Amino acid sequence: MQNQIIPDEAVISLRKVSTRFGDHLVHSELDLDVRRAEVFALIGGSGSGKSTLLREMILLQRPSSGTIQVLGVDLHKLGADEARALRLRWGVMFQQGGLFGSLTVKENIGLPLREHTQLRDGLIDEIAAWKLSLTGLAPEVGAQYPSELSGGMMKRASLARALALDPELLFLDEPTAGLDPDSAAGIDELVRKLRDLFGLTIVMITHDLDLLWQVTDRVAVLAEGKVQGLGSMTELQKMDTPAIRQFFDGPRGRAAQQQAGQIPTLVASPF
Amino acid sequence: MKPSSVPPAIAQPTSREIMLSGAWTVNGVDAIQSQLDAFVPAQTALDVDGAGIEALDTAGAWILHKFLARLRDQGAVVEVHNLRSEFARLLEVVAEHVADQPAPATSKSPTGFAHIGRNTMAGMEQTVALFSFVGASASAFGGCLAHPSRFRWRAILFNIRSAGFDALPIVGLLSFLLGIVVAYQGADQLRRYGANIFVVDLVGLSMLREFAPLITAIIIAGRSGSAYAAQIGTMSVTEEIDAMRTIGIEPLELLVLPKIMALVIALPLLTVFADVFGVFGGMIMARAQLGVDFSEFIHRFAKAISVTAYLVGIGKAPAFAAIITVIGCFQGFRTKGGADSVGRQTTRSVVQSIFLVIVVDALFSIAFSALGI
Ligand SMILES: Nc1ncnc2c1ncn2[C@@H]1O[C@H](COP(=O)(O)OP(=O)(O)OP(=O)(O)O)[C@@H](O)[C@H]1O
Ligand SMILES: [Mg+2]
């Protein structure tokens, strides 16, 4: 909240990032910028290196070469203390939730607060319960263990934990994968709300066309180790790089565009 | 968020006005809590001036909201002015979700009798479950006997290797050391009576009848029983067991029977191996401490130690094997939840199988003495 929003300021910038596993080159000299307070999505085929790129941004993995700056800090030359301080400024929601099985949902959400602040336990519980309801979960869920939750509840709880310390930056890995359309729509709504409310910068990996059309500001298409296209969905739609066309021209791509009101129905079904 | 230098503060320039200032963020708000709690409004109409608030996060907003709500509950008419628009919105959102706060936790930890009762019930439930698991395994075994092609021979051979053959070095070493210890402990007493040669009886009988089967079973419980529990536990956490059932593979047939059969074969063999190394350890100690050389030792061994002693020891091994695998697999299947539960069930499997092995060993001793073996 206390960060002034300077439009177009890059919160994440990648320069000439290359990643190789053995002799398999996943990224080759990739450049990318994410601006403050935007909802940014990474898309691309399976194995195109989206998750790997995300892991590199959140200090879980190092690129083979190139530089990554997040929130103005160069990840390459980072001491242990600086890394810790930086990690508190972002929240991550993992694809499988990453909730701790031995803690209740409420304890999971309160954990970052307990670890990194001096707040009293009572207050932490209240804040955790509040975050829980912010993400749309019923209060009773707080007392449950992660193994007792459905997939959608798990994602929401995981999101609530990622938000515990009011991060400036939020990373979401496949936030709607495996959810029913209703829950997925709930997540769309939530992402939008969070951005509006906290001025969050949100970086996500998703294949969910609805989510892409409804909430993202800019989308990067990853293929063959490079960013093949970058822009809003409407802009991407007009590009004719094969990797991008593939994405829009499938039957599902068309359906989602229609829904978003991007193309008239007539064109979509000429036969 | 970035630590802010200005701590949150509250001031009351006039009885009507309340001025808030500083950074109301997670790092500082704890300090102001007591001040807010102690605050008593001087009159019913209050103006809160939020112009001085330079940072507000959800923790700060939560505390502020609670404060304002308390004032309103006490009958004050509170108006908030000059709050930055984004802060005002955050405060609104906090208020929106506040109705959803859960009722305070009511679960009490059980005391006294309730606690005992609960534990007893849990213990009984587990015993019943264990018996039904044994029953299910037995009926799966019966099913396989009727259709021998359903036995998983590859899995059995694989388990014989991993639980039996791969354990040879550790079993050999430990029983060798145990033989040394037994001979050494006896040496002093025997020498005092000039009964040096009886070290053979001591080592031979104790190793063959008791120590070799026991140490082998304990090693295998720690080594393989825990692995069974962890493997099956992890598989049930990741829904592999459920997947197996859906595909039409009976988990008991694929995971449990091969393990039981493999260990029932491997454990007696390992016990023989332990016998040999244990006696060998005793032999070395007997020569060093008591001057009983190898040929003398072996000569006496053949006379003093009956085949019964050897068979009694080996005969216990299959029972131990069954206990170790059944408990290991049973605890694995009882895993519920996540990684945490896998660890707990694994520990439980090792503790329970060693416990049961020793109990059953004692029962064997009682039975043998009643039978005069
Ligand atoms: N630890 C690793 N060791 C070796 N190769 C790896 C490793 N992690 C990822 N890879 C390889 O890197 C490539 C990119 O993987 P990544 O998980 O980033 O793909 P992705 O774009 O997230 O795909 P998906 O959409 O299927 O999740 C893949 O070819 C994968 O095989
Ligand atoms: Mg991935």
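What counts and how
Residues numbered from 1 in each chain as written. Chains lettered and ligands numbered in written order. Predicted model: local features only at pLDDT ≥ 70, side-chain atom pairs only at ≥ 80, totals over all residues. Heavy atoms only, no water. Helix = DSSP H or I, 4+ residues; strand = E, 2+ residues; numbered from the N terminus. Buried < 20%, exposed > 50% of the residue type's maximum accessible area, 1.4 Å probe, protein only. Contact = heavy atoms within 4.5 Å. Areas by Shrake-Rupley, 256 points an atom, 1.4 Å probe, with all protein chains shown as cover. Domains from an automatic or database assignment. Salt bridge = Lys/Arg side-chain N within 4 Å of Asp/Glu carboxyl O. Phe/Tyr/Trp six-rings, centres within 6.5 Å; stacked < 30°, edge-to-face > 60°. Near = heavy atom within 4 Å. Polar contact = N/O pair within 3.5 Å; in protein donor to acceptor, adjacent residues only side chain to side chain. Nonpolar A, V, L, I, M, F, W, Y, C, P; charged D, E, K, R; others polar. Axes fitted to C-alpha atoms, helices over the stretch in contact; angles between N-to-C directions. Parallel < 35°, antiparallel > 145°, perpendicular 65-115°, else oblique. Left-handed = near helix turned anticlockwise from the far one by under 90°. Core = buried A, V, L, I, M, F, W, Y, C linked by side-chain atoms within 4.5 Å. pLDDT = per-residue confidence, 0-100. Pairing = 2+ DSSP bridges. Buried area = accessible area lost by both parts, 1.4 Å probe.

## Focus: the overall build of chain A
Counting its regular elements, chain A contains 11 helices and 10 strands. Relative to its full complement of 271 residues, chain A shows a buried share of 54%. Taking as baseline every contact in chain A between residues at least 6 positions apart, the subset at least 24 positions apart corresponds to 63%. A total accessible area of about 12000 Å² is found for chain A, and carbon and sulfur atoms account for 50% of it.

## So, the domain arrangement of chain B
Assigned domains of chain B: these are domain 1 (9–100) and domain 2 (137–371). Once you take the C-alpha centre of each, domain 1 of chain B and domain 2 of chain B turn out to be 69 Å apart.

## Describing the pattern of salt bridges
Per the counting criterion, the structure on display carries 23 salt bridges over all chains. Between Asp74 of chain A and Lys77 of chain A there is a salt bridge; the shortest N-O distance is 3.5 Å. Among the residues examined, Asp74 of chain A registers a relative accessible area of 16% and is labelled buried. Between Glu86 of chain B and Arg84 of chain B there is a salt bridge; the shortest N-O distance is 3.8 Å. For Arg84 of chain B, a relative accessible area of 38% gives the class partly exposed. Here the salt bridges do not stand alone but share partners, grouping Arg114, Asp121 and Asp125 of chain A into one network.

## Quick look at the packing of aromatic side chains
Residue and element names in this part refer to chain B. Summed over the entire model, instances satisfying the criterion amount to 11 aromatic pairs over all chains. Their ring planes at 50° and their centres at 5.8 Å tell us that Phe133 and Phe333 sit as a pair that is tilted. With Phe133 in helix H4 (residues 112–146) and Phe333 in helix H11 (residues 307–333), this residue pair connects regions lying 200 residues apart in the sequence. Aromatic side chains Phe151 and Trp153 sit 5.5 Å apart centroid to centroid with 50° between the ring planes, which places their arrangement in the tilted category. With relative accessibility at 9%, the residue Phe151 sits in the buried group.

## Topic: the site of ligand 1
All names here are of chain A. Taken together, Phe21, His24, Val26, Gly45, Ser46, Gly47, Ser48, Gly49, Lys50, Ser51, Thr52 and His207 are the residues near ligand 1. Within the side chain of Ser51, an N or O atom sits 2.7 Å from an oxygen atom of ligand 1. Within the contact set of ligand 1, an oxygen atom lies 2.5 Å away from a side-chain nitrogen or oxygen of Thr52. Within the complex, the protein chains bury 57% of what would otherwise be the 640 Å² of accessible surface of ligand 1. Every element with two or more residues in the shell around ligand 1 is listed here: strand E2 (24–35) and helix H1 (50–57). Here the residues of the shell around ligand 1 are counted per class, giving two nonpolar, nine polar and one charged.

## Some remarks on the packing of helix H9 (residues 251–290) of chain B against helix H10 (residues 294–304) of chain B
Residue and element names in this part refer to chain B. Packing of H9 against H10 leaves a shortest axis separation of 10 Å and a crossing angle of 130°. Classified by the angle their axes make, H9 and H10 are oblique. Crossing geometry of H9 relative to H10 is assigned as right-handed. Contacts between H9 and H10 involve Val279, Gly282, Met283, Ile284, Ala286 and Arg287 from the first element and Phe294, Phe297, Ile298 and Phe301 from the second. A class-by-class count of the residues in the contact of H9 with H10 yields eight nonpolar, one polar and one charged.

## Quick notes on the nonpolar core
Soluble globular proteins tend to pack their nonpolar side chains together in the buried interior. Leu119, Leu170 and Leu194 of chain A together with Trp24 of chain B are the most contacted members of the largest nonpolar core, which has 70 residues in total. Looking at which element gives the most residues to this core, the answer is helix H2 (residues 58–73) of chain B, with eight residues. The contacts of Leu194 of chain A, once residues within four sequence positions are left out, are Leu134, Leu159, Leu163, Leu170, Gly199 and Leu200 of chain A. Counting 61 residues, the second largest nonpolar core, distinct from the first, contains Ala129, Phe133, Ala167 and Val203 of chain B.

## A closer look at the confidence of the model for chain B
Confidence in the prediction for chain B averages 88 pLDDT; 96% of positions are at 70 or higher. Both scores are available for the predicted complex, with the pTM at 0.72 and the ipTM at 0.74.

## Considering the sheet that holds strand E3 (residues 39–44) of chain A
Strand pairs in the sheet, formed through backbone hydrogen bonds, run parallel or antiparallel to each other. Residue and element names in this part refer to chain A. Strand order in the open sheet formed by six strands is E6-E7-E8-E3-E9-E10, with mixed pairing between adjacent strands. Strands with a single pairing partner mark the edges of an open sheet, and in this sheet they are strand E6 (90–93) and strand E10 (226–231). Strand-to-strand twist of the sheet, defined as the mean angle between neighbouring strand axes without regard to direction, takes the value 15°. In this structure, strand E9 (residues 218–223) lies alongside E10, joined through five bridges in antiparallel fashion. Of the residues in E10, the one forming a bridge with Ala223 is Lys226.

## Considering the interface of chain A and chain B
Each partner contributes residues to the interface: chain A has 30 residues there, and chain B has 29 residues. Taking both partners together, chain A and chain B bury about 2600 Å²; carbon and sulfur atoms supply 62% of that area. In this structure, the connection of chain A to chain B is made through one salt bridge. One salt bridge in this structure joins Lys66 of chain B and Glu126 of chain A, with 2.7 Å as the shortest N-O distance. Taken together, the elements giving at least two residues each to the side of chain A that touches chain B come down to helix H3 (105–116), helix H4 (121–134) and helix H6 (181–198) of chain A. Ranked by the residues each element gives to the side of chain A that touches chain B, the list is headed by H4 of chain A, at eight residues. Residue composition of the side of chain A that touches chain B, by class: 13 nonpolar, eight polar and nine charged.

## Here we look at the sheet that holds E2 of chain A
All names here are of chain A. The strand order across the open sheet formed by four strands is E2-E1-E4-E5, and the pairing between neighbours is antiparallel. The open sheet terminates on both sides in strands that have one partner only, identified here as E2 and strand E5 (73–74). With eight bridges joining them, strand E1 (residues 10–21) and E2 adopt antiparallel strand pairing. Across the sheet, residue Phe21 finds its bridge partner in E2, namely His24. Seen against the sheet, H1 touches E1, E2 and strand E4 (65–70) and runs at an angle of roughly 120° to E1.

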